[in-house]
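Architecture and fold: a report
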Amino acid sequence: MLKKSLIKLHWLFSSQFGFDARLLLRSMGGLPRFVNDWRKFKTGYSGSLIWMPCLHDWYEEGGMTKSEYFWQDLLVARWIFDAKPQRHVDVGSRVDGFVAHVASFRNIEVFDVRPISTQIPGVVFKQADLMCSDSLPDPGSGYCDSLSCLHAIEHFGLGRYGDPIDPMGHERGIANMALLLKPGGTFYLSTPIGRERVEFNANRVFAPSNIIRLVEGHGLALRNLTVIGDGGQVREVQATPEAMQALAKTTYNLGIFVFTKA
């Protein structure tokens, strides 16, 4: 329990107040090495030399390959590449991650409650609140054959991104997204799963069976479920009652649900 509290405090101070104690300690530990490396370099270099310390990079791997975002963006982009849909629409996923992945090999339409001022090759953007049915393109039913909403539905209605406060925002969002999808179309949905709760105003965590029940209530059927755990552990999970109950007792995982519209 203490470890979980410390992790949450670290997130709060680093991401919201700009103070990262772990990074500070790691950088302080890198000072002796920096000074030693600078002295070695200076002995063989006679040009202009300016200090620009990077004190913690040598502790890191060559890339962030253990992040749930890394695996989510990579996996779903590859699935879309293999599926080759006629029209793919995304709702609220990371533009600098998943959307960029998909835009590298095909066009993608993006709906987001926040504005995007940059013109991005391969991306058609529309600012829209998917909790509101008025934001749906005309016609609102059967607009696309492929749809994604990655690590976004858990924020609907919590006001974090300027969206209206709505305790039922996630339900309205899923209902409206279901209207966008043509019969036979595919819906890629990812969200935190585990012990169900609202961590206001950061995100929700859903019991996986409740997400499945909610989406299937709008005429879609679960095709497969991929779970990403700590350290980027990726596994396929059969949606049996026993497996769903076990996941609902965990603190946190990322679930990637793939649904097909009947």
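Computed from a predicted structure; not experimentally measured. (Residues numbered from 1 in each chain as written. Predicted model: local features only at pLDDT ≥ 70, side-chain atom pairs only at ≥ 80, totals over all residues. Heavy atoms only, no water.)

Here T186 lies in strand β5 (residues 181-193). Under the relative-accessibility criterion, T186 is labelled buried at 12%. Look past the residues within four positions of T186 in its chain and what remains in contact with it is D145, S146, L147, L181, R223, V258 and F259. (Helix = DSSP H or I, 4+ residues; strand = E, 2+ residues; numbered from the N terminus. Buried < 20%, exposed > 50% of the residue type's maximum accessible area, 1.4 Å probe, protein only. Contact = heavy atoms within 4.5 Å.)

A few words now on the nonpolar core. L130, L147, M177 and F187 are the most contacted members of the largest nonpolar core, which totals 36 residues. Secondary structure elements with two or more residues in this core: β1 (88-91), β4 (144-150), α5 (169-180), β5, α6 (208-216), β8 (220-228), α7 (241-248) and β10 (253-261). Discounting chain neighbours no more than four positions away, the residues touching M177 are V91, L130, L147, C149, I153, F156 and F187. Counting residues in each nonpolar core, the second largest holds 16 residues, with V102, V123, L150 and I256 among its members. (Core = buried A, V, L, I, M, F, W, Y, C linked by side-chain atoms within 4.5 Å.)

Note that the residue after F200, namely N201, is joined by a cis bond; omega there is -5 degrees. Even without glycine at this site, K84 takes up a positive phi of about 50 degrees. The residue K84 is located in the loop between α3 (68-83) and β1 in this model. Backbone geometry at H151 places phi at a positive 55 degrees, although glycine is not the residue there. Topologically, H151 is positioned in the loop between β4 and α5. With a relative accessible area of 8%, H151 lands in the buried category.

Counting through the fold element by element, D129 comes out in the loop between β3 (123-127) and β4. In this structure, D129 is buried with no salt-bridge partner, the nearest side chain bearing the opposite charge being R172 at 8.9 Å. Within polar-contact distance, the side chain of D129 engages the backbone nitrogen of M131 at 3.0 Å. Beyond its immediate stretch of four places on either side in the chain, D129 contacts V113, S135 and P164. (Lys, Arg positive; Asp, Glu negative; His and termini not counted. Salt bridge = Lys/Arg side-chain N within 4 Å of Asp/Glu carboxyl O. Polar contact = N/O pair within 3.5 Å; in protein donor to acceptor, adjacent residues only side chain to side chain.)

Quick look at the packing of aromatic side chains now. Counted according to the given criterion, the structure contains 10 aromatic pairs. Consider the rings of F34 and W51, whose centres lie 5.1 Å apart with planes at 90 degrees: the pair is edge-to-face. With a gap of 17 residues between them, F34 in helix α2 (residues 21-43) and W51 in the loop between α2 and α3 connect regions that are remote in the sequence. A relative accessible area of 48% places W51 in the partly exposed class. (Phe/Tyr/Trp six-rings, centres within 6.5 Å; stacked < 30°, edge-to-face > 60°.)

Attention now goes to α3. Given 3.6 residues per helical turn, the α-helix brings residues three or four places apart onto the same face. Here α3 spans 22 Å end to end across 16 residues, near enough to the 22 Å set by a 1.5 Å rise per residue. Within α3 the residues assigned to the buried category are E68, Q72, D73, L75, V76, A77 and I80. Where α3 begins, the capping side chain belongs to S67, and its oxygen is found 3.1 Å from the backbone nitrogen of Y69. Directly after α3, the chain includes K84, whose backbone phi takes a positive value near 50 degrees. (Expected span 1.5 Å × (residues − 1).)

One can describe the packing of α5 onto α6 by two numbers: an axis separation of 9 Å at closest approach and a directional angle of 45 degrees. Classified by the angle their axes make, α5 and α6 are oblique. Where α5 crosses over α6, the handedness of that crossing is right-handed. Contact residues: α5 offers H170, E171 and I174, while α6 offers I211, L214 and V215. Looking at side-chain class alone, the contact of α5 with α6 contains 4 nonpolar, 1 polar and 1 charged residues. (Axes fitted to C-alpha atoms, helices over the stretch in contact; angles between N-to-C directions. Parallel < 35°, antiparallel > 145°, perpendicular 65-115°, else oblique. Left-handed = near helix turned anticlockwise from the far one by under 90°. Nonpolar A, V, L, I, M, F, W, Y, C, P; charged D, E, K, R; others polar.)

Scope: geometric values only; no functional claims are made or implied.
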